[in-house]
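Fold and geometry: a report
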Amino acid sequence: QVRSFLEGAEEMVFATYGIGPVPVRDMELQFIGKDKGNSLAWVVSYVDATTGIAQAWELAYDTMDYSGDASQETSVGLTTLHEMTHAMMSASGINWKDSHNPKWFKEGTAEYMTGGMDRLIIDLKIQGGAANFDSDSNIEKMLNRIDGAASDSAFYSASYATTRYLDEWLGKDGRSSSLSLVLQNMQATQGSLDDAIQATAGGATLAQFKTSLKSDGLNAIKGYITTSVS
C-alpha cells in the first residue's frame, strides 16, 4: 500500500512541478520504530556542504505513529506526498544549501503540494484567537515566521502561505513565470531561488517578492482564507 502511495506521489510531483531525478535514483524505504517527535515519515539525504547537491535518499516511516488503520490512509497519503516533494527536489539536483534554497521554500513547496489551508487557518486561530485570526496583523505575524528559527506547525503554515503567494506573484504584473518554472530552472542550473526567479520572471528578484508579500500578499492570503471557509 505504501509503495502505491510512493508511485502516486512521485507522479503528482512531476505533473505539478515538472522536476524529477535524472538519471533515476534509488531511495531506501524503511519502517522503523523511532517516535521522532510524532512525525509519521521523513526523508533523509546527505548533502555535500560545498556543492549543495544531495545523494543517498532514505524515506522512513515511523511504525510507532502508524497503525495501518484505514482511517489513516489520507494522512499517510498526504505525508508521503509532502516527503516525496522533498525527495524529488533533492534527487533532481537542486542545490540544497539554505543560502540557495531557504527552508521556508523547501517546506512551502511540499505543503503547497498537499494543500495547507486547514493547517494555516488552525494555526492562525491558535496564534490570534478565533475572532481575529484573519486580521492583517495576525497574518503578518504568521508570515514573519518564515525568517525565524522555529520549525513548528506555524512555520509550516507560514511557508505554505508564502509559497502559494509566490506562485501567484510570479504570474502577474507582467511576469509570466510560475513556481514550476522556477523549480525547473533550479534543477537545470543548480542555482539559487533568487537566480531562478530572475531568470524566469523578467529580472524580478526574491527581495522584490518578499516586499510584495508584506503588502499585497496580506490581501491575497486573506482571499485564500475567505475562499476556504466560505
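See the structure printed just above.
Thresholds applied
Residues numbered from 1 in each chain as written. Predicted model: local features only at pLDDT ≥ 70, side-chain atom pairs only at ≥ 80, totals over all residues. Heavy atoms only, no water. Pairing = 2+ DSSP bridges. Helix = DSSP H or I, 4+ residues; strand = E, 2+ residues; numbered from the N terminus. Axes fitted to C-alpha atoms, helices over the stretch in contact; angles between N-to-C directions. Core = buried A, V, L, I, M, F, W, Y, C linked by side-chain atoms within 4.5 Å. Buried < 20%, exposed > 50% of the residue type's maximum accessible area, 1.4 Å probe, protein only. Contact = heavy atoms within 4.5 Å. Salt bridge = Lys/Arg side-chain N within 4 Å of Asp/Glu carboxyl O. Phe/Tyr/Trp six-rings, centres within 6.5 Å; stacked < 30°, edge-to-face > 60°. Lys NZ or Arg CZ within 6 Å of the ring centre and 35° of its normal. Parallel < 35°, antiparallel > 145°, perpendicular 65-115°, else oblique. Nonpolar A, V, L, I, M, F, W, Y, C, P; charged D, E, K, R; others polar. Polar contact = N/O pair within 3.5 Å; in protein donor to acceptor, adjacent residues only side chain to side chain. Expected span 1.5 Å × (residues − 1).

Focus on the sheet that holds strand 1 (residues 27–32)
Taking strand neighbours across the sheet as the criterion, the three strands line up as 1-3-2 in an open arrangement whose pairing is mixed. Pairing within the sheet leaves two strands with one partner each, and these edge strands are strand 1 and strand 2 (41–47). Here the strands of the sheet are splayed against their neighbours by 20 degrees on average, with no regard to which way each runs. In the sheet, strand 1 pairs with strand 3 (residues 54–62) via six bridges, with the strands oriented parallel. Looking at strand 3, one finds that Met 27 is bridged to Trp 57.

Quick notes on the nonpolar core
The biggest cluster of nonpolar side chains holds 56 residues, and the ones touching the most others in it are Trp 104, Phe 105, Leu 166, Leu 183, Ile 197 and Ile 221. For this core, the element with the highest residue contribution is helix 6 (residues 153–169), accounting for eight residues. Contacts of Phe 105, omitting those with residues within four sequence positions, involve Met 89, Thr 163, Leu 166, Leu 179, Val 182, Leu 183, Met 186 and Leu 193.

Examining the pattern of salt bridges
In this structure the tally under the stated criterion is seven salt bridges. Across the pair Asp 98 and Lys 106 runs a salt bridge, and its minimum N-O distance is 2.6 Å. Given a relative accessible area of 10%, Lys 106 falls into the buried group. For Arg 175, the salt bridge is made with Asp 173, and the minimal N-O distance between the two is 3.6 Å.

Remarks on the packing of aromatic side chains
Scanning the model with the defined rule gives six aromatic pairs in all. Judged by centre distance (6.2 Å) and plane angle (90 degrees), the rings of Phe 155 and Tyr 156 are edge-to-face. Over the ring of Tyr 224 we find Arg 164; its NZ or CZ atom is 3.8 Å from the centre of that ring.

Some words on the packing of helix 3 (residues 103–114) against helix 6
Orientation of helix 3 relative to helix 6, taken along the N-to-C sense of each, is 80 degrees, at an axis distance of 7 Å. Taken together, the axis directions place helix 3 and helix 6 in an arrangement best described as roughly perpendicular. The segment helix 3 lies against helix 6, with Lys 103, Trp 104, Phe 105, Glu 107, Gly 108, Thr 109, Glu 111 and Tyr 112 engaging Phe 155, Tyr 156, Ser 159, Tyr 160, Thr 162, Thr 163, Arg 164, Leu 166 and Asp 167. Grouping the amino acids of the contact of helix 3 with helix 6 by side-chain chemistry returns seven nonpolar, five polar and five charged.

Describing the packing of helix 9 (residues 206–214) against helix 10 (residues 216–229)
Two elements in contact, helix 9 and helix 10, have axes whose closest approach is 3 Å; the angle formed by their N-to-C orientations is 60 degrees. In terms of axis orientation, helix 9 runs oblique to helix 10. Here helix 9 contributes Ser 212, Leu 213 and Lys 214 to the contact with helix 10, which in turn contributes Asp 216, Gly 217, Leu 218 and Ile 221.

Structural notes on the side chain of Glu 107
With respect to the secondary-structure elements, Glu 107 resides in helix 3. A polar atom in the side chain of Glu 107 sits 3.1 Å from the side chain of His 82. Once you skip the residues sitting within four places of it in the chain, Glu 107 turns out to touch His 82, His 86, Phe 155, Tyr 156 and Ser 159.

Overview of helix 3
End to end, helix 3 covers 17 Å across 12 residues, agreeing with the expected 16 Å (1.5 Å per residue, within 8%). The element helix 3 is extensively covered by neighbouring structure, given that 10 of its 12 residues are classed as buried. Taken as a whole, helix 3 has its buried residues at Trp 104, Phe 105, Lys 106, Glu 107, Gly 108, Thr 109, Ala 110, Glu 111, Met 113 and Thr 114. Phi turns positive, to about 85 degrees, at Gly 115, one or two residues after helix 3.

Things to note about unusual backbone geometry
Look at Asp 173: it is not a glycine, yet its phi comes out positive at around 55 degrees. For Asp 173, the position within the fold is in the loop between helix 6 and helix 7 (179–189). Judged by relative accessible area, which is 62%, Asp 173 ranks as exposed. Here the phi dihedral of Gln 190 falls at roughly 60 degrees; this positive angle occurs in a residue that is not glycine. Inspection of the secondary structure puts Gln 190 in the loop between helix 7 and helix 8 (193–200). Residue class for Gln 190 comes out partly exposed when judged on its relative accessible area of 33%.

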